[in-house]
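What follows is the residue order along each chain.
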Amino acid sequence: MKFNTKTIHGGQQPEAATGAVMPPVFLTSTYAQSSPGEHQGYEYSRGANPTRTALENSFAAIENGTHGFAFSSGLSAIDCVLRLLNPGDEVIAGDDLYGGTYRMFTRLFKKYGLEFTFVDMNSVANVTSAITEKTKLVWLETPTNPLMKIADIAAISSAVKNKNEAILITVDNTFATPYLQQPLNLGADIVMHSATKYLGGHSDLVMGALMVKDQKLAEDIHFIQFAAGAIAGPMDSFLALRGIKTLHIRMQRHCENGKAVAHFLKNHPKVGKVYYPGFESHPNHEVAKKQMKDFGGMVSFRLKDQSKEAAFKFLENTHVFTLAESLGGVESLVNHPTTMTHASIPEPERLKIGITDSLIRLSVGIEDEEDLLADLDKALSL
């Protein structure tokens, strides 16, 4: 199947008992057994639930994987990946990460014995030079949150595997979605999503996803999911599956509007710098063009007036863009990373990579382009 067809039919079959085209929401915790240990594939919903199974099959299909896993949040999916490691193991990660990922790495798992090294993944050499005998995982986020850096998934995966095939490559594909890039095809071992965002697409659920190809890795992830219990519920699974069915058409509009917004901001007299991988001036534009189908709906920028007051004045005066955390929904959102999504990163670390009080992040929705530009123009003009 081509991708647009996979979003609707990938891994899906009509429900066996009734022929329902959409899987029913199986609101049950347990399942009857004809004899001890004899059942119809389901025993207890922490282990598996038919609605969640349908979603996980869709997850696998859209990322060209063999197994998908639905978690109660994006962070619980990240937590599962880190539980594949042992105390003393080292993780190499990008220096520009979602604040919650950084918080989990440095404030939770570091005290459990994992070590973390953060590098600028614009350069493959920065990654390979950081590898030691203790390195067991490389964590990529591309495009990054919020500075829109691009990591070359294929080049990094190849270089890392050449040094040590056992090192796992995980890619947070939340910003791009499988519509724009498919990391498993580029050499990654695990793809992670905050399915709260573009996969769900309607700001009405919280969920995480992992997709893999390797059977042993899938078994290890399933054991951790079952043993730790951070599963997605059946109603959220139903909503996410419904969201995926329109992922391709939503992403087309997100990309169109994102491009229009980025170019509008670039040419606005009050805007200083715009972070958008679709610009030829972006440091890794050629990599983005190579590994992504389009450039997405996420745009970050700074005002020429780099004071916090100027940023807040803009943030408080948008109307079509809603001031809120999260991203990837049909509605446009505006966010102030230093006080919202990245507040958990210590200020010195934020400033080191350029997350300052003047940075503003936009999740460009699927509204009419003219309304979005007019809203930005009005807020910038105050």
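Residues numbered from 1 in each chain as written. Predicted model: local features only at pLDDT ≥ 70, side-chain atom pairs only at ≥ 80, totals over all residues. Heavy atoms only, no water.

**Quick word on the overall build of the protein**
Next up, step 1: What the protein contains, in helices and strands, is 14 helices and twelve strands.
Next up, step 2: The C-alpha atoms of the protein give 21 Å as radius of gyration, which agrees with the globular expectation for 382 residues (21 Å, within 12%).
Next up, step 3: Its C-alpha atoms give the protein principal-axis dimensions of about 75 × 50 × 35 Å.
Next up, step 4: Every one of the 382 residues in the protein was classed for burial, and the buried ones make up 56%.
Next up, step 5: Within the protein, contacts between residues at least 6 apart in sequence are counted, and of these 73% link residues at least 24 apart. (Helix = DSSP H or I, 4+ residues; strand = E, 2+ residues; numbered from the N terminus. Rg over C-alpha atoms; globule rule 2.2 N^0.38 Å. Buried < 20%, exposed > 50% of the residue type's maximum accessible area, 1.4 Å probe, protein only. Contact = heavy atoms within 4.5 Å.)

**Digging into the pairing of strand β9 (residues 298-303)**
Next up, step 1: Across the six residues of β9, six count as buried, placing the element largely inside the fold.
Next up, step 2: With three bridges joining them, strand β8 (residues 271-275) and β9 adopt antiparallel strand pairing. In the sheet register, V274 faces β9, and the bridge partner there is F301. (Pairing = 2+ DSSP bridges.)

**Remarks on the pattern of salt bridges**
Between side chains of opposite charge, pairing is possible as soon as their charged atoms come close.
Next up, step 1: By the definition in use, this model includes eleven salt bridges.
Next up, step 2: A salt bridge links D79 to R83; the shortest N-O distance between them is 2.5 Å.
Next up, step 3: Judged by relative accessible area, which is 16%, D79 ranks as buried.
Next up, step 4: A salt bridge links D189 to K161, with the nearest nitrogen and oxygen atoms 2.8 Å apart. Highlighted residues: D189 in the loop between α7 (177-180) and β6 (190-194) and K161 in helix α6 (residues 153-163), separated in sequence by 28 residues. Here the two residues D189 and K161 agree in accessibility, since each one is buried.
Next up, step 5: Through salt bridges with shared partners, a single ionic network connects D95, D120 and K149. (Salt bridge = Lys/Arg side-chain N within 4 Å of Asp/Glu carboxyl O.)

**A closer look at the sheet that holds strand β11 (residues 333-335)**
Hydrogen bonds along the backbone pair up the strands of a sheet, which may run parallel or antiparallel.
Next up, step 1: Here five strands make up an open sheet; going across it, the order is β8-β9-β12-β11-β10 and the pairing mixed. Each edge of the open sheet is held by one strand with a lone partner, namely β8 and β10 (322-323).
Next up, step 2: Seen against the sheet, helix α12 (residues 308-315) touches β9, β10, β11 and β12 (359-363) and runs at an angle of roughly 135° to β9. (Axes fitted to C-alpha atoms, helices over the stretch in contact; angles between N-to-C directions.)

**A closer look at the pairing of strand β5 (residues 168-172)**
Next up, step 1: β5 sits mainly inside the fold: five of its five residues count as buried.
Next up, step 2: Across the two faces of β5 the burial is the same, with L168, T170 and D172 and I169 and V171 all buried.
Next up, step 3: Examined bridge by bridge, strand β4 (residues 135-141) and β5 share five bridges and lie parallel to one another. Among the inter-strand pairings, L140 is bridged to a residue of β5, identified as V171.

**Quick notes on the nonpolar core**
Next up, step 1: Counting 63 residues, the largest nonpolar core has F59, M207, L265, F301, F314, I360 and L362 as its most contacted members.
Next up, step 2: A per-element tally of this core places helix α10 (residues 247-266) first, with six residues. (Core = buried A, V, L, I, M, F, W, Y, C linked by side-chain atoms within 4.5 Å.)

**Brief notes about the layout of surface pockets**
Next up, step 1: Here the largest pocket defines a volume of roughly 440 Å³.
Next up, step 2: In this structure, the largest pocket is lined by 23 residues; those nearest its centre are E15, A16, F26, Y42 and P50.
Next up, step 3: The volume enclosed by the second largest pocket comes to roughly 360 Å³.
Next up, step 4: Considering the residues around the second largest pocket, the lining is formed by 22 residues, among which G74, L75, Y98, S194 and K197 are closest to the centre. (1 Å grid on protein atoms, 1.4 Å probe; cavity = no way out; pocket = protein on both sides within 12 Å on 5 of 7 lines; lining within 4 Å. Points joined across faces, edges and corners; volume = space filled by probe spheres on them.)

**What to know about the confidence of the model for the protein**
Reading predicted coordinates in detail is not appropriate for stretches of low pLDDT.
Next up, step 1: Of all residues in the protein, 100% have pLDDT values of 70 or greater, and the mean over the chain is 97.
Next up, step 2: The weakest mean pLDDT in the protein belongs to helix α13 (residues 347-353) at 94; the strongest belongs to strand β7 (residues 208-212) at 99. (pLDDT = per-residue confidence, 0-100.)

**A word on the packing of aromatic side chains**
Next up, step 1: On inspection of all chains with the given rule, the structure shows nine aromatic pairs.
Next up, step 2: Note that R46 overlies the ring of F226, its terminal NZ or CZ placed 4.7 Å from the centroid. (Phe/Tyr/Trp six-rings, centres within 6.5 Å; stacked < 30°, edge-to-face > 60°. Lys NZ or Arg CZ within 6 Å of the ring centre and 35° of its normal.)

**Description of empty space enclosed by the protein**
Next up, step 1: In this structure the tally under the stated criterion is two cavities of 30 Å³ or more.
Next up, step 2: Considered class by class, the residues forming the lining of the largest cavity number five nonpolar, three polar and five charged.
Next up, step 3: Considering only enclosed or pocket space, the second largest cavity measures out at about 40 Å³ in volume.
Next up, step 4: Contributing to the lining of the second largest cavity are G200, H202, D204, L205, L239, R242 and G243.
Next up, step 5: Considering only residue class, the lining of the second largest cavity consists of two nonpolar, three polar and two charged. (Nonpolar A, V, L, I, M, F, W, Y, C, P; charged D, E, K, R; others polar.)

**Some points on the sheet that holds strand β1 (residues 67-71)**
Next up, step 1: The strand order across the open sheet formed by seven strands is β1-β7-β6-β5-β4-β2-β3, and the pairing between neighbours is mixed. The open sheet is flanked by β1 and β3 (115-119), the only strands paired with a single partner. The sheet shows a mean angle of 20° between the axes of neighbouring strands, direction not considered.
Next up, step 2: Bridge count between β1 and β7: five bridges; the pairing is antiparallel. Residue pairing across strands places A70 opposite A209, the latter belonging to β7.

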